[in-house]
Structure formats: structure tokens, C-alpha cells
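Each chain, letter by letter, is given below.
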Amino acid sequence: MSRCGRVTIIEAIVLLIVTAGQFRAGDAQFPRVCTSADHISQKECCPIPPGFTEPCGGPGRGRCAEIADATVDDPAWKEAYKVDDRRHWPTVFFNRSCVCEGYFSGYDCTKCIWGRRGRNCTTEKLSVRRNIRHLSPEDVETVKRYFNAAKTAPSDYAMALEFYEDINGSEDFADVSVYNYFVATHYYASRATMPPYRFGYCKTEADCQIDFAHEGSGFPTWHRAFLLDLERALQEVNNDPDFTIPYWDWTEAEHCTICTNDYVGANYGDGSLDPRSLFATWETICVQSDPFYNATSRNHTKPCNVTERDGHVMRNPGHQDRKRFGESMYRLPTAAEVDFGLRFPTFDRRPYSKTANCTFRNLLEGFADTSTGKYRGDRYVNGTLIPGAHTLHNHVHLYLDGTMSAVPSSANDPIFFLHHCFVDRIFEKWIRRHKTPSNETLPKTGASPGHNRHEYIVPFFPPYSHADLFKPSTALGYDYEDVDGDGMSEGERIQDDSNLGECSTATWDDVLIYVVIFVVGFVTLIAIFACFCCIYCYICKRRQQRSGAGRSNWVPLSTSAPEHA
């Protein structure tokens, strides 16, 4: 896993411009047009689109405006966050960008928002994502060809190979393909923050594990945005605006039915793909990493080197270590497990992490047990490991045993996107069934960095928040095959909506909440009563004082002077 230094890639670009004159800087998550010296020094990305005379296209299309920092710092966040260039995204790099009007979008307002097309983005577009097993052989070949084209098509982005203190020149930047850009993006969001040990932030590896895409409330919305961006990129590379990513319904069989050369490639016993598969020649990036001690004890750390190939895509479904991850690793998750997760009306709850109990999000991501609804971590009994829960999303990653099992770099395998398309379909079914808006579902504060409701999703630019993605998919321009308005599929029935495992009755968390509410309410009533008593006593005392003062000054009218002899 690559490590994060104390200085930003943008600072590195500035140094190169200053010291090397005319240099075509790398984007590092940002539009190339915004990497000029002026844009960087002003922290502004508001380019003038081709054919226009004003930034962002001008009135009727877009304007340049401040990027509101939606991050609410939490004292509970790890100290390493303070030196992470992903903090307060994207304001470490830019604090002004284009705000597009109407249905326009993009960093220069020349694209349409999801779900719109046409010259002025006025035509509605609703695409349907289909089950890959329902596609014709010709359509499957198209999917494979489109992915392969993106693997080799050059991207408009370049990735930095060093951080600021070690940049020497243009050789420290590298071009990347369209597909590999998305691999690097997923890695960029998932990697740990790894400043050198001498800065004192990382005494242990856990001190610097900050994941902006997983283990938190933003997991479903992060990957929803990721899929939408890749889908658009595949449309553009292949000049096919109607293309959609298909999903792999892994509940249809115990074993991987698309792990054949007709789909994503068959494999040998050692995990290598059959040479006849289109994806057998795919090389991986961002897989190898220095051990934690090596990365943090040196004076500097390095990001992922996208020019280094770490091998080829590996996959060996059903052969994951069962002693380490559980006996269920021989098979894929079942429809009953998905149904169990969909019953939960609570999207997420504190601590909004992988240890959350009785929530749809943690069941979907796969850290909660699909029989109890509660988090279950690894534990040891008499020295023997009892594996924790690895369900649904996580289960599939582990079951495939290979490139997919290392989550930060798992996007190297094209099956990643078919898998996550199905995960998004489950998320969509939950949204339609429970119809809970984002302002009642996503935490405003209290989640891990980058996972709160209005925080911008790292590292997408121009920025959009988790709340922007937490809505029915039809509002984002796409739908799923065989999912109705209530999140149900043909022939599907919820067997027992009241069966929530160990969450069917109030959890200790709920009990604690009620106790706290009761205690706070009781103390408040006592305080109000005490205040009332004090006020009453004060009023009585004042009345007595005024009454006493009146008697001391009173002289009876019948009193006369004494007679004199």
C-alpha cells in the first residue's frame, strides 16, 4: 500500500512549474487545464470552455464560486488526518471551482448531469443496467471489448510518482490509462495515511488506517459515484452514450458462473487466468506495498507508482482460506442473506463504522453477521481463531481469492465493477423499500472522515457529496432490470419482515439511548422545579421585606401627646 507524505501533490506541481519553467503538469485527481501556475497559486479551477469567452461558460451555463468546506472536524478522528492531503476535500488543493447552472455539469460545465443528454442537456436519459447473464453473447462481447479499450486508452490524467520533497522533474509524473485511472482512484481513497515515523503520528499501523471509501456510512454512495463516473468514461472511450455496466447477481448460484472465458475469464488452479481469456494479459497496479515499518521509519513515503506492474489479474474462486475467513468461503452469499439485510429499516447508526450493529449498511458491506444482524470480529478461543463475519460485499471479495481479495487494489479485476453494480442494486432496493431521505439517514456528523452526509466524496472533482448520491437511481439517470418502485423483483416476497435476528428486540444501544433520554429528562424536570422553587421563595422574601418596611414607618392616628400636670 502506498504511503502518504506530509505535503501535497499540488505543491509538487507548483515546485516543478517554478523550477522547470514550462512543464505539462500531471493532474493528480484534477483537470489538466487547472494545473497551470496561476490556477494552482490561486487555488482556483474555473477554466474557460472551448468556444466560450467566460470561465465556466458564463451566465446560463456556469459561474466560478467558492467551494464550501462541508467538513466538520471531529476530535475523535485520528491524528494522521491532520497530515492527509485528502482532508477537507478538495480545499487543500482548490477552494474555487465551477458551479454549473441548469442541467450542465463537469469541471467546466460542458457536460450534462447524470440522466440528461443533448446540446443543452434538456433531453432526459434513463438507462437500464441489466444482469450480465441475461445479455446476448454479442452484448457480452461488447462489454468485454469496451472494458479492454479503456484499459489501453490514454487518460487525460497523470499520476504523481513522488511527493513534494522528492520531486525532481517531469520524470516524476506518469501517464495512466482510463481504466487504470479508476484503479488508482479507488486505491487513493482506500489507502492508509502513512507519514514518516519521526512525525509521531503512526506509532502503530492502526493509527493511520483512514479509509474514505469503506468501513463507514459513505460506503454505498462512494461506490455509486465511482460506478457512474466509470460508466460515463466507458461511454466516452467507446463513443456509445447508451452503454451501461451490467451487474453480476452472485446469489443465483453457489459458485461463480461468470468466471469463464465467455465472461470475465476462467482460471487455473494457481489463480492465473486462462490465456484464452481477454483479461489474461491485464497487468495490475498499486498492489505491492512496503511493510508498515519500512514505510514509516524512512524520512519520506511514496504514493502508488502507476508505471510499475505488479503482475496479472489473479482469481481462484472458492479456494479462500476457510480457517482464516470461515467455512462459508467455499460458496457465494445467498438470496436469503440479501433479503435479511434488506429488512433493516435503519441505514446506519453509531459508531458508523464496521462495528455498527443492526444496520443495513454494515450488513451490505459485510462486517455484520447475516444471522444475527450484529458485528462479529475475529476472536480466539483457547488459542484457536474463530473468524469474524465476512458477509455479502466482503464475502464476494474474499471468495474470489486473488486480486479481488486485496480491497484497495481490487478494481484491477474487471469483475469488481460487475460485483459492485449488484451491490448498488441491493442499495437501490433498500432505498425504494424504506423511502427514507438522506437527511434522516446519513449522519450529519459523527462518522469517519469523508463519510458524513454533506462531506465531499474523496477524490472526485468537481466535488459532490454523499447526500447528492443518496436518492433513487432514476434521479441519477439509470434504473435496474427487474426492480419496481417499491424495491421488489418479480416473484419476490419478504418471508418474515419482523425477523431481524438478534436485533428483533431492542439492542443494548437502544436501551442505553432510552436510559440517557430518561435521565436527562428527569434531571431537566428537577432543575426546572428547583428554579421555580427558588423564584417562588425569592418573591415571598421580597414581599415580606416590603411588608416589614411598611410597618416600621406607620404611626397610629389616635395617638395623642401626654397631659402635663
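Residues numbered from 1 in each chain as written. Predicted model: local features only at pLDDT ≥ 70, side-chain atom pairs only at ≥ 80, totals over all residues. Heavy atoms only, no water.

Caption draft 1: Structural view of the state of the cysteines. Going through the model one piece at a time under the given rule, you end up with seven disulfides. The disulfide partner of Cys112 is Cys121, and the gap between their sulfur atoms is 2.1 Å. Negative torsions about the S-S bond denote left-handed disulfides, and the value of about -85 degrees found for Cys112 with Cys121 makes this one left-handed. What makes Cys112 buried here is its relative accessible area of 11%. Here Cys121 falls in the buried class, since its relative accessible area comes to 1%. (Disulfide = S-S within 2.5 Å. Buried < 20%, exposed > 50% of the residue type's maximum accessible area, 1.4 Å probe, protein only.)

Caption draft 2: Inspection of a nonpolar patch on the surface at higher detail. On the surface, Val519, Phe522, Val523 and Ile526 cluster together into a nonpolar patch covering about 360 Å² of accessible area. Residue placement: Val523 occurs in helix α13 (residues 508-552). (Patch = residues over 30% accessible without salt bridge, like charges linked within 9 Å, V, L, I, M, F, W, Y side chains within 5 Å. Areas by Shrake-Rupley, 256 points an atom, 1.4 Å probe, with all protein chains shown as cover. Salt bridge = Lys/Arg side-chain N within 4 Å of Asp/Glu carboxyl O. Helix = DSSP H or I, 4+ residues; strand = E, 2+ residues; numbered from the N terminus.)

Caption draft 3: Structural context of empty space enclosed by the protein. Going through the model one piece at a time under the given rule, you end up with five cavities of 30 Å³ or more. There is about 70 Å³ of room inside the second largest cavity. Considering the residues around the second largest cavity, the lining is formed by Ile132, Val143, Lys144, Phe147, Tyr263, Val264, Phe279, Pro414 and Leu418. Looking at the lining of the second largest cavity, the element that brings in the most residues is helix α3 (residues 137-152), giving three residues. (1 Å grid on protein atoms, 1.4 Å probe; cavity = no way out; pocket = protein on both sides within 12 Å on 5 of 7 lines; lining within 4 Å. Points joined across faces, edges and corners; volume = space filled by probe spheres on them.)

Caption draft 4: Here's a closer look at the environment of Thr445. As for its position among the elements, Thr445 is in the loop between α11 (415-434) and α12 (466-469). Thr445 sits 374 residues away from Thr71 along the chain, and the two C-alpha atoms are 8.9 Å apart. Once residues within four sequence positions are removed from consideration, Thr445 is found in contact with Val72, Arg350, Tyr352 and Asn452. (Contact = heavy atoms within 4.5 Å.)

Caption draft 5: Layout of the packing of aromatic side chains. Summed over all chains, the structure comprises 31 aromatic pairs. Their ring planes at 80 degrees and their centres at 5.6 Å tell us that Tyr181 and Phe182 sit as a pair that is edge-to-face. Its relative accessible area of 11% is what places Tyr181 among the buried residues. Taking NZ or CZ as reference, Arg61 lies 3.9 Å from the ring centre of Phe104, over its face. The cationic tip of Arg116 hangs over the ring face of Tyr103; the distance from NZ or CZ to the ring centre is 3.7 Å. (Phe/Tyr/Trp six-rings, centres within 6.5 Å; stacked < 30°, edge-to-face > 60°. Lys NZ or Arg CZ within 6 Å of the ring centre and 35° of its normal.)

Caption draft 6: Layout of the sheet that holds strand β1 (residues 44-45). Spatial strand order, β1-β3-β2: three strands in an open sheet with mixed pairing. Each end of this open sheet is capped by a strand with a single partner; those strands are β1 and β2 (62-66). Relative to strand β3 (residues 96-100), β1 runs parallel, the two sharing two bridges. Counted as the bridge partner of Glu44 is Arg96 from β3. (Pairing = 2+ DSSP bridges.)

Caption draft 7: Structural detail: the confidence of the model for the protein. Averaged over all residues, the pLDDT of the protein is 85; the fraction at 70 or higher stands at 82%. Considering only residues more than four positions removed or in separate chains, one finds that residues 1-28, a stretch of pLDDT under 50, has 92 contacts. Here residues 552-565 is a poorly scored stretch, pLDDT under 50, and it has zero contacts once near neighbours within four places are set aside; other chains count. (pLDDT = per-residue confidence, 0-100.)

Caption draft 8: Quick peek at the pattern of salt bridges. Here the structure, examined in full by the defined rule, presents 29 salt bridges. A salt bridge links Asp424 to Arg129, with the shortest nitrogen-to-oxygen separation between them at 3.7 Å. Of this pair, Asp424 sits in helix α11 while Arg129 sits in strand β8 (residues 127-129), and the two are 295 residues apart along the sequence. A relative accessible area of 4% means that Asp424 is categorised as buried. A single network of salt bridges, built from pairs that share partners, joins Arg129, Arg224, Glu231, Asp424, Glu428, Arg432 and Asp479.

Caption draft 9: Seen up close, the UniProt feature "domain: Tyrosinase copper-binding" (unreviewed entry) in the protein. Mapped onto this numbering, the UniProt entry gives "domain: Tyrosinase copper-binding" (unreviewed entry) at residues 214-231 and 413-424. Taken end to end, residues 214-231 is 72% helix and 0% strand, and its two terminal C-alpha atoms sit 21 Å from one another. The span residues 413-424 carries 83% helix and 0% strand; its end-to-end C-alpha distance comes to 18 Å. (UniProt positions renumbered as here; feature names shortened; annotations may be inferred.)

Caption draft 10: Highlighting the layout of surface pockets. As a volume, the largest pocket reaches approximately 1400 Å³. The set of elements that each furnish at least two residues to the lining of the largest pocket consists of β2, β3, β4 (104-105), β5 (111-112), β9 (154-160), α4 (178-190) and α5 (219-237). Take the lining of the largest pocket: its biggest share by element is five residues, from α5. Looking at the second largest pocket, its volume works out to about 1100 Å³. For the lining of the second largest pocket, the secondary structure elements donating two or more residues are α7 (322-325) and α10 (392-399). At four residues, the largest contribution of residues to the lining of the second largest pocket is made by α10. The class makeup of the residues in the lining of the second largest pocket is 17 nonpolar, 13 polar and nine charged. (Nonpolar A, V, L, I, M, F, W, Y, C, P; charged D, E, K, R; others polar.)

Caption draft 11: Region of interest: the packing of α10 against α11. Packing of α10 against α11 leaves a shortest axis separation of 11 Å and a crossing angle of 160 degrees. When the axis of α10 is compared with that of α11, the two are roughly antiparallel. For the element pair α10 and α11, the recorded crossing hand is right-handed. Contacts between α10 and α11 involve His393, Val396 and His397 from the former and Phe416, His419, His420 and Val423 from the latter. (Axes fitted to C-alpha atoms, helices over the stretch in contact; angles between N-to-C directions. Parallel < 35°, antiparallel > 145°, perpendicular 65-115°, else oblique. Left-handed = near helix turned anticlockwise from the far one by under 90°.)

Caption draft 12: Geometry of the nonpolar core. Counting residues in each nonpolar core, the largest one holds 109 residues, and the members touching the most others are Trp248, Trp250 and Phe417. The greatest single-element share of this core, amounting to 11 residues, is contributed by α11. Aside from chain neighbours lying at most four places away, what touches Trp250 is Leu332, Pro333, Val338, Leu392, Val396, His419, Phe422, Val423 and Ile426. (Core = buried A, V, L, I, M, F, W, Y, C linked by side-chain atoms within 4.5 Å.)

Caption draft 13: Examining the pairing of β3 more closely. Pairing of β2 with β3 involves five bridges; the strand directions are antiparallel. Across the sheet, residue Ala65 finds its bridge partner in β3, namely Ser97.

Caption draft 14: Spatial organisation of α10. With respect to burial, α10 is a largely interior element, eight of its eight residues being buried. When α10 is considered as a whole, its buried residues turn out to be Leu392, His393, Asn394, His395, Val396, His397, Leu398 and Tyr399. Buried residues along α10 sit in contact with α5, α7, α8 (335-342), α9 (360-365) and α11.

Caption draft 15: Here's a closer look at α3. For α3, spanning 16 residues, the distance from its first C-alpha to its last is 23 Å, which sits close to the expected 22 Å at 1.5 Å a residue. Turning to α3, its buried residues are Val140, Thr142, Val143, Lys144, Tyr146, Phe147, Ala150 and Lys151. (Expected span 1.5 Å × (residues − 1).)

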